[in-house]
Each structure stands twice: as C-alpha cells, then as structure tokens.
Amino acid sequence: MVQRSAKAATLVRRNRVAVTAVVATYNEEGHITACLQNLLEQRDVPGDIEILVIDGMSTDATPWLVRAMPEYGTRIRLIQNPRKLQVYAWNTGIREARGEYFAMIVAHAEYGPRYIASCLETLSRTGAAAVGGVQRPIGSGALGRAIAWCMASAFGVGNASFRYADREIESDSVFSIFTRVDLLRRMGGYDERIPFDEDSEMNYRIAAQGGRLVTSPHINVRYHVRRTLRALARQMYCYGYWRRFTQLLHPREVPLRTYAPAALAVSLATSVALLGTPLRILGLVVPAVYGAFTLLAAARAAKHTGPAALLVPAVLATMHCAYGAGWIAGVLSLRKRREIAFAT
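In this report, we go over the structure that sits alongside the text. What you see is a predicted model; the values in this text were computed from it and never measured.

## Describing the overall build of the protein chain
- Each helix and strand in the protein chain was counted, giving 14 helices and nine strands.
- Buried positions account for 55% of the 344 residues belonging to the protein chain.
- Counted over contacts in the protein chain with a minimum sequence separation of 6, partners at least 24 positions apart contribute 80%.

## Topic: the environment of Tyr72
- Inspection of the secondary structure puts Tyr72 in the loop between helix 3 (62-67) and strand 3 (76-80).
- Once the C-alpha coordinates of Tyr72 and Ile51 are considered, the two residues, 21 residues apart in sequence, prove to be 9.3 Å apart.
- With near-sequence residues (within four places) excluded, Tyr72 lies in contact with Val66, Arg67 and Leu78.

## Concerning the environment of Arg77
- Along the chain, Arg77 turns up in strand 3.
- Taking the relative accessible area as the measure of exposure, Arg77 reaches 31% and is therefore partly exposed.
- Separated by 27 residues in sequence, Arg77 and Glu50 have C-alpha atoms that sit 8.0 Å apart.
- Residues in contact with Arg77, not counting those within four places in the same chain, are Glu50, Ile51, Leu52, Val53 and Glu96.
- Reaching out from Arg77, the side chain makes a polar contact with the side chain of Glu96 at a distance of 3.0 Å.

## Observations regarding the pairing of strand 8 (residues 175-180)
- Across the six residues that make up strand 8, a large majority, five, are buried.
- Where strand 4 (residues 101-106) lies against strand 8, three bridges are found, and the strand directions are antiparallel. Pairing of Phe102 across the sheet is with Thr179, part of strand 8.
- Alignment of strand 6 (residues 130-138) against strand 8, held across three bridges, turns out to be antiparallel. If you follow Ala130 over to strand 8, its bridge partner there is Thr179.

## Side note on the packing of helix 11 (residues 260-274) against helix 13 (residues 285-305)
- The N-to-C vectors of helix 11 and helix 13 enclose an angle of 130°; their axes lie 8 Å apart at closest approach. It follows from the interaxial angle that helix 11 and helix 13 lie oblique. Where helix 11 abuts helix 13, its residues Leu264, Ser267, Leu268 and Ser271 lie against Val286, Pro287 and Tyr290.
- Within the contact of helix 11 with helix 13, the residues separate by chemical class into five nonpolar, two polar and no charged.

## With respect to the packing of aromatic side chains
- Considering all chains together, one arrives at twelve aromatic pairs under this definition.
- Arranged with centres 5.3 Å apart and planes meeting at 55°, the rings of Phe196 and Tyr239 form a pair that is tilted. Taken as a pair, Phe196 in the loop between helix 8 (181-186) and helix 9 (198-208) and Tyr239 in helix 10 (residues 229-249) lie far apart in primary sequence, 43 residues in all.
- The class of Tyr239 is partly exposed, set by a relative accessible area of 23%.
- Each ring, one from Tyr259 and one from Trp327, has its centre 5.7 Å from the other, and the planes form 65°; the classification is edge-to-face. Here Tyr259, found in the loop between helix 10 and helix 11, pairs with Trp327, found in helix 14 (residues 312-332); they are 68 residues apart in sequence, far enough to count as distant.
- On the accessibility criterion, Tyr259 (36% relative accessible area) is partly exposed.
- Take Trp327: its relative accessible area is 13%, and that puts it in the buried class.
- Through pairs of rings, three or more aromatic residues link up here, namely Trp149, Phe155, Tyr290 and Phe293.

Criteria and cut-off values
- Residues numbered from 1 in each chain as written.
- Predicted model: local features only at pLDDT ≥ 70, side-chain atom pairs only at ≥ 80, totals over all residues.
- Heavy atoms only, no water.
- Helix = DSSP H or I, 4+ residues; strand = E, 2+ residues; numbered from the N terminus.
- Buried < 20%, exposed > 50% of the residue type's maximum accessible area, 1.4 Å probe, protein only.
- Contact = heavy atoms within 4.5 Å.
- Polar contact = N/O pair within 3.5 Å; in protein donor to acceptor, adjacent residues only side chain to side chain.
- Pairing = 2+ DSSP bridges.
- Axes fitted to C-alpha atoms, helices over the stretch in contact; angles between N-to-C directions.
- Parallel < 35°, antiparallel > 145°, perpendicular 65-115°, else oblique.
- Nonpolar A, V, L, I, M, F, W, Y, C, P; charged D, E, K, R; others polar.
- Phe/Tyr/Trp six-rings, centres within 6.5 Å; stacked < 30°, edge-to-face > 60°.

As structure tokens, this is what we get:
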C-alpha cells in the first residue's frame, strides 16, 4: 500500500490539485450523497481532489443535496448543464478542470476508498494512456440481482471484458475513464454528436492514436443497475442506437460483439414471419436455440443469484433485443441525420 502511494506520488506536482473528479448528474437524489462521500474519503492521493458536479437541470433534490454537503464551495463545485446530456457534462468538466488528472465519475456507482490512488498507480505502472476499473454491477431485489448478474456475464455482454475481468488486461474500452486532462484536451474533448456512446468513442479515438487502455480489477467500483426491465430496455436501446454511429467513425475499432444483438433481432423477426408459411419449422430453430442459451445462463446464474435466476432469460432477452433494435434503428435513421457529418 505504501509503495503504491509513493509511486503514484511521482505522477503529480506538489501543491496543486492532483485530480478533478467530474460527476455528471440528472435526478440522482438516491445516489449523489453516497457518491460524493466516497470521493471525499479517498485515501493515499498525493495532492488535492476537486469535485465538479455537472448537473443536467435535475428536477429532484440532487442540486439541494450537493449544496448541503459541508464541503460545498470548497472541495465541491456545482455547475449547471442546461443541455442536460452527459457528453456536455464531461466537456464542461474538461474545460473547468484544475487537476492534472481527469476522473469520470458515474453518480449511481460506489467507489472504494483507494479508487483514485489505484487509478494513479495503475496509470504509472503500466504506462497506459487511460485506465478504468472492472464494472461490478449491483442490484436490489430479485430483478436487480438478475440484471446485475447478466451485466457481469459473457452471456449478457459477450467478450466485453472490462465488465468481468479478474486480472489486469489491455481492453478495447475502459469503464469510467481515468486519464490526464491534457490528453482529453488534445483530443478535442468528447464528440458531442454522439450523446450516448461518447465514452466508447473517446476510448477508440485514444486507441487509434496508439494509446493503451488498461482495465484493472484493483480499481474498485460498483455500479447500480437499472431497477426495471423497461428502464433496462431503454438503456440498451440507446446503447445500440448510438453505437451504430460510433461504428461509422471507427469501423476498425468497434468489436464484432456489437453486431450479435442486431443479428439476433433480425433472426427472431424472420422466425416470426416464417411461422405462417410452409417453412414454419425453420422458424422455430432460432427461438429454440436462443431459448436454450438463456436457460443455460439461468442455470449458471442460480448458484450466484438463487431464485432470481428464474428472471435471467427475461433479462437477457430484454438486453439483447433492445440493443439490437436500437442498432437497427440507428442504421435506418442515418438518412434522417444528414446534419451529422460522420467521417468513415
């Protein structure tokens, strides 16, 4: 522990803000206080941490709770984001940052007391351009546990190893990027044409310029998943929709796993169309195979989630079909979005 802190200390200049933690919020009254407390309790960081809460005009108690923190006005600043979306929050944070390092903070996540120290240590030791932790999903109730298991399993997210890696690896993307502020400024900030997949797009841009991305399980972060299938479907649909635009910008960087949900959605739709034809037997093949896949996943989940495993098939179908439908909608909407001059 002491050695890591000493090594991380070489990264920052003394008597300066070491890290700017940028927290993007919108109606996060259920999580914001705990999130800020996690950041205030960070240990072994060789320098100050400033916390910028960029709020997308919340309609709940989020801004009030931020102002109620004793550290408000000193270590915590609240900045309004009238354009609401996270991509504008990140760019505001980049412009306002006084720190040497930028920590992307998701409000509905929990950060261990050495989160930032571990990020600094990993960045120094690996020589990476950016690092991130393994996203460890948590959820409440039976449905929440089922969603959390699917979000951390290859059954749900394929080879997105930053979601379940048990060792330090180079990855195609990192969760909640931690990097140098000057790197993000040199990159021109986040691409505001992509309001929902902006973090992946930035990761691919960094990688395309030769920067290494490292995911480390030693960087402790726990992510609160969506609470309902409807909210999960909305999240996955947006991921799929905007991932299509990221693919146009980075056709060689986006992994093949992103095509699988769209292929599944098309196959299931084709199967339904075949049911009223002489080829209806063929129409049963894909649903039967996918059904067996989800049942296998439920069996694997049972030892971790107990009875909540019964909900795993519904959660997987929601995740995959919503993502696939979003991706297809992204393809079909390209002609309607001529104002976005995507480079291919």
